[in-house]
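Here is what each chain is made of, one letter per residue.
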Amino acid sequence: MEIIHLKEVFKTYQVSNFKTSALTDISLKVERGEFIVLAGPSGSGKTTLLNIIGTLDKPDSGKVYLEDEDVTELPLNRLADLRLKKLGFVFQTYNLIDVLTALENVEYVMLLQGIDSKTRREKSLEILRAVGLEALANRKTYQMSGGQRQRVAVARAVVGEPRLILADEPTANLDSKTGESLIELMESFNKSKGITFIISSHDPMVIKKARRLIILRDGKIQEDRYC
């Protein structure tokens with residue numbers, strides 16, 4: 001079943017008096033349950049593509065469908081609701097609320113979803129156990145290592161049971177061993193929960209883990225193959 005479908009997507013940015021083309025004629029279909037890595041040099045359009053798929057940005061032209069729903073013209077409140085219910089995000093800079101504990105960060109998505117406190121706590125502890133951080137559930141995230149914080153970010157992304165998780169350079173600030181462990185964690189959630197992952201990276205280790213590799217260059221898809 002198709003979860004994402006992009007049709008002839010173009011995106012430009014205005015920088016001073018110059019227009020920069022970020023994406024050019026991107027057409028792409030993603031099936032549910034895929035484990036995709038977007039690769040390419042800096043400036044190739046990886047982050048822009050993730051932002052458009054995640055409805056954090058809009059294309060200048062073209063269409064973006066999430067589970068057959070055209071999201072390109074939806075109002076902001078509808079997009080926010082869609083992201084809350086269907087999407088999860090893992091950012092290079094973690095984007096955690098550092099005054100909160102690991103448990104509170106993971107619970108936050110479910111709080112926004114209106115889930116009761118008992119269920120929130122049980123599910124959050126279960127997912128922290130799955131990522132190996134149950135013992136640190138009550139530690140503030142600013143007191144954690146980079147690898148631990150990124151695991152909290154993955155737990156937060158997964159706990160709301162999204163259809164799709166988008167991860168932008170998730171291993172960029174981690175050592176190689178921690179980064180590999182993190183990607184293996186994402187693989188386990190992909191297999192056990194059927195969550196679709198799209199990961200942008202230029203890390204060779206991450207690229208080797210891809211089951212489908214999409215290479216971008218100058219805002220265009222240069223290569224798209226199954227591994």
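Residues numbered from 1 in each chain as written. Predicted model: local features only at pLDDT ≥ 70, side-chain atom pairs only at ≥ 80, totals over all residues. Heavy atoms only, no water.

Moving on, we come to the sheet that holds strand 10 (residues 220-226). Overall, mixed pairing links the six strands, which are arranged 6-7-8-3-9-10 in an open sheet. If you trace the sheet from one side to the other, it starts and ends with strand 6 (87-90) and strand 10, each paired once. The average undirected angle you get between the axes of adjacent strands in this sheet is 15°. In this structure, strand 3 (residues 35-39) lies alongside strand 9 (residues 212-217), joined through four bridges in parallel fashion. Of the residues in strand 9, the one forming a bridge with Ile36 is Arg212. Relative to the sheet, helix 5 (residues 146-159) contacts strand 6 and strand 7 (164-168), its axis offset from that of strand 6 by approximately 175°. (Pairing = 2+ DSSP bridges. Helix = DSSP H or I, 4+ residues; strand = E, 2+ residues; numbered from the N terminus. Axes fitted to C-alpha atoms, helices over the stretch in contact; angles between N-to-C directions. Contact = heavy atoms within 4.5 Å.)

Our next topic: the sheet that holds strand 2 (residues 18-31). With antiparallel pairing, the four strands of this open sheet are ordered in space as 2-1-4-5. Unpaired on one side and paired on the other, strand 2 and strand 5 (69-70) mark the two borders of the sheet. Sheet analysis places strand 1 (residues 2-15) next to strand 4 (residues 61-66), joined by five bridges and oriented antiparallel. The residue of strand 4 that forms the bridge with Ile4 is Leu66.

Looking now at the packing of helix 3 (residues 102-112) against helix 4 (residues 117-130). Relative to each other, helix 3 and helix 4 sit at 125°, their axes nearing to 9 Å. The orientation of helix 3 with respect to helix 4, classified from their angle, is oblique. Viewed along their axes, helix 3 and helix 4 form a crossing whose handedness is right-handed. Residue-level contacts link Ala102, Leu103, Val106, Glu107, Met110 and Leu111 of helix 3 to Ser117, Arg120, Arg121, Lys123, Ser124, Leu125, Ile127 and Leu128 of helix 4. Residues belonging to the contact of helix 3 with helix 4 are distributed by class as follows: eight nonpolar, two polar and four charged. (Parallel < 35°, antiparallel > 145°, perpendicular 65-115°, else oblique. Left-handed = near helix turned anticlockwise from the far one by under 90°. Nonpolar A, V, L, I, M, F, W, Y, C, P; charged D, E, K, R; others polar.)

Let's shift gears to the side chain of Arg151. Mapped onto the secondary structure, Arg151 falls in helix 5. One buried charged residue, Arg151, remains without a salt bridge, the closest side chain of opposite sign being Glu184 at 7.0 Å. Residue contacts for Arg151: discarding those within four places in its chain leaves Val131, Leu133, Ser181, Leu182 and Leu185. (Buried < 20%, exposed > 50% of the residue type's maximum accessible area, 1.4 Å probe, protein only. Lys, Arg positive; Asp, Glu negative; His and termini not counted. Salt bridge = Lys/Arg side-chain N within 4 Å of Asp/Glu carboxyl O.)

This next bit is on the pattern of salt bridges. A full pass over the atoms with the stated rule returns 20 salt bridges. For Asp70, the salt bridge is made with Lys63, and the minimal N-O distance between the two is 3.1 Å. Under the relative-accessibility criterion, Lys63 is labelled partly exposed at 32%. We note a salt bridge from Glu67 to Lys86, for which the minimum N-O separation is 3.1 Å. Residue Glu67 is found in the loop between strand 4 and strand 5, and its partner Lys86 is found in helix 2 (residues 76-86); the two are separated by 19 residues along the sequence. The class of Glu67 is buried, set by a relative accessible area of 15%. Take Lys86: its relative accessible area is 18%, and that puts it in the buried class. Each of Arg32, Glu67, Lys86 and Arg163 takes part in salt bridges that share partners, so that together they form one network.

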